[in-house]
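Secondary and tertiary structure notes
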Amino acid sequence: MYFQQSWRDKRLSYTGIPLNLTLDNRVADQLWVPDTYFINDKKSFVHGVTVKNRMIRLHPDGTVLYGLRITTTAACMMDLRRYPLDEQNCTLEIESYGYTTDDIEFYWQGGQSVTGVDNIELPQFSIMDYQTLSKKAVFATGSYPRLSLSFKLKRNIGYFILQTYMPSTLITILSWVSFWINYDASAARVALGITTVLTMTTINTHLRETLPKIPYVKAIDIYLMGCFVFVFLALLEYAFVNYIFFGRGPHLQKKKAENAAKSTNEKQQRMDANKVQVDAHGNIHLANMDLRNEMTGVEMLGGLGGTNTMFSYDSASIQYRKPLTGRDLYGRPTPSLERPLGPKKSRLRRRASQLKVKIPDLTDVNAIDKWSRVIFPITFTFFNLVYWLYYVH
């Protein structure tokens, strides 16, 4: 920038020549100049190609115009909570280092004291407005004059859309491709999920390296964290599917089915052992039949038919004998003796069928993927809508 100062020194007034005198820049070392400095300066220098860029112009009334071509880097305290959708106020403050207000006064000259601001183009900011201020700074050593040039800056969002927002959005959408991949393609779905998670982590790391370490959360951090959560949930969705349909659930279902089948087989063997055996003389062998306490003697007599029934017990077997008839002499078995066991057998079969456990159909996994195809895009769209409406306005 071109920094110019003007003051009047009556000792340098002259007559006889009605012209302004432009002096060599080395004359400045022999003249009195204000001890002006930039308060928030971090690094500054006066250009020196091909000679030191200083100008001394002397007017007949003793007015001195002192100009410098300098480059300065000034510090600006920024609030980055809305970064990169933020607006900042930065100032360039000029003050006298040694002279107090009793010795010198600073003021902006006229309404055109600052020019060329409208033509400045910055890579990350746009200058929305600027204003000049004059004030006094009071310290322990006295009161010093100060001039302030305040800029209202708005950060340009184009760079961040191309470098951060768009890649993050596309990576999040890419993680949803796994919902259309078959559930048994574990290698493809896991590789896609891990790749998208690592890519989001890389973007976050690169962004943190370009910013100062501040204690609060920025707007771009919220967006990247939201994208990271969606990518991570897409990976967990397949883990959930794999656990439900290939993990503990089917294992327990299979175990229950095996226990039920084992119980059914035991009951079937017990039924086979309790079958009534009739010999050639019409005697029923009940050696292996289980007698339960619930069945009384009357029920036994009624179930085996007739009032002429006789039971004989021994240590080896239990036999039922009935009076022989002429038809029984030919060795024909009486079919009516097996009838009471028919309802019992059918009742056991129904009970065994009720204990069967159905193993889940693995094709039902498509239902979770179908719901994910709808829920993830809708939720992410809602997240973007709330984010941009809040930070843009």
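Helix and strand content of the protein chain: seven helices and 13 strands. Put simply, the protein chain has 393 residues, and 30% of those count as buried. Within the protein chain, counting contacts between residues at least 6 apart in sequence, those at least 24 apart form 74% of the total. Accessible surface, the protein chain: about 26,400 Å² in total, of which carbon and sulfur atoms supply 57%.

On inspection of all chains with the given rule, the structure shows 11 salt bridges. Notably, a salt bridge pairs E93 with R146, separated by 3.8 Å at the nearest N-O pair. Remark: R146 occurs in strand β9 (residues 142–155) and E93 occurs in strand β7 (residues 87–96); sequence separation between them is 53 residues. For the pair formed by E93 and R146, the shared burial category is buried. In this structure, E95 and R146 form a salt bridge, with 2.6 Å as the shortest nitrogen-oxygen distance. Here R146 lies in strand β9 and E95 lies in strand β7, a separation of 51 residues in the sequence.

On to the environment of D24, then. With respect to the element layout, D24 can be found in the loop between β2 (21–23) and β3 (36–38). Taking C-alpha positions, D24 is 8.4 Å from R54, a pair spaced 30 residues apart along the chain.

Taking relative accessible area as the criterion, E95 reaches 2% and is therefore assigned buried. Of the polar contacts made by the side chain of E95, one reaches the side chain of R146; its length is 2.6 Å. When residues no more than four places from it in sequence are discounted, the contact partners of E95 are D35, T36, Y37, I39, F106, A137, F139, Y144, P145 and R146.

Spatially, the four strands line up as an open sheet ordered β3-β7-β9-β8, and their pairing is antiparallel. Strand pairing shows two members of the sheet lacking a second neighbour, β3 and β8 (125–139), which therefore form its edges. Taking the axes of each pair of neighbouring strands and ignoring which way they run, one obtains an average angle of 20 degrees across the sheet. With 14 bridges connecting them, β8 and β9 associate as antiparallel partners. Looking at β9, one finds that K136 is bridged to P145.

It is worth spelling out the nonpolar core at this point. Note that soluble globular proteins tend to have their nonpolar side chains buried in a common cluster. Core analysis: the largest hydrophobic core is formed by 26 residues, its most contacted members being Y165, Y223, F380 and Y387. Taken together, the elements giving at least two residues each to this core come down to α1 (158–175), α2 (186–209), α3 (219–246) and α7 (365–392). At eight residues, the largest contribution of residues to this core is made by α3. Excluding anything up to four places from it in sequence, Y223 contacts Y165, S168, T169, F380, F383, N384, Y387 and W388. With 23 residues, the next largest nonpolar core counts I56, L58, L92 and I94 among its residues.

Running from N to C, α1 and α2 point in directions that differ by 165 degrees, and their axes come no closer than 9 Å. Here α1 is positioned roughly antiparallel relative to α2, judged by the angle of their axes. Handedness of the crossing formed by α1 with α2: left-handed. Facing α1, whose interface residues are T164, P167, S168, I171, L174 and S175, α2 presents L192, T196, T199, M200 and I203. Class assignment for the residues of the contact of α1 with α2 results in six nonpolar, five polar and no charged.

This next bit is on α2. Along its 24 residues, α2 runs 35 Å from first to last C-alpha, staying within 8% of the 34 Å computed at 1.5 Å per residue. Looking only at α2, the buried set comprises R189, L192, G193, T196, V197, M200, I203, N204 and L207.

Here is what the cut-offs are and how they apply
Residues numbered from 1 in each chain as written. Predicted model: local features only at pLDDT ≥ 70, side-chain atom pairs only at ≥ 80, totals over all residues. Heavy atoms only, no water. Helix = DSSP H or I, 4+ residues; strand = E, 2+ residues; numbered from the N terminus. Buried < 20%, exposed > 50% of the residue type's maximum accessible area, 1.4 Å probe, protein only. Contact = heavy atoms within 4.5 Å. Areas by Shrake-Rupley, 256 points an atom, 1.4 Å probe, with all protein chains shown as cover. Salt bridge = Lys/Arg side-chain N within 4 Å of Asp/Glu carboxyl O. Polar contact = N/O pair within 3.5 Å; in protein donor to acceptor, adjacent residues only side chain to side chain. Pairing = 2+ DSSP bridges. Axes fitted to C-alpha atoms, helices over the stretch in contact; angles between N-to-C directions. Core = buried A, V, L, I, M, F, W, Y, C linked by side-chain atoms within 4.5 Å. Parallel < 35°, antiparallel > 145°, perpendicular 65-115°, else oblique. Left-handed = near helix turned anticlockwise from the far one by under 90°. Nonpolar A, V, L, I, M, F, W, Y, C, P; charged D, E, K, R; others polar. Expected span 1.5 Å × (residues − 1).

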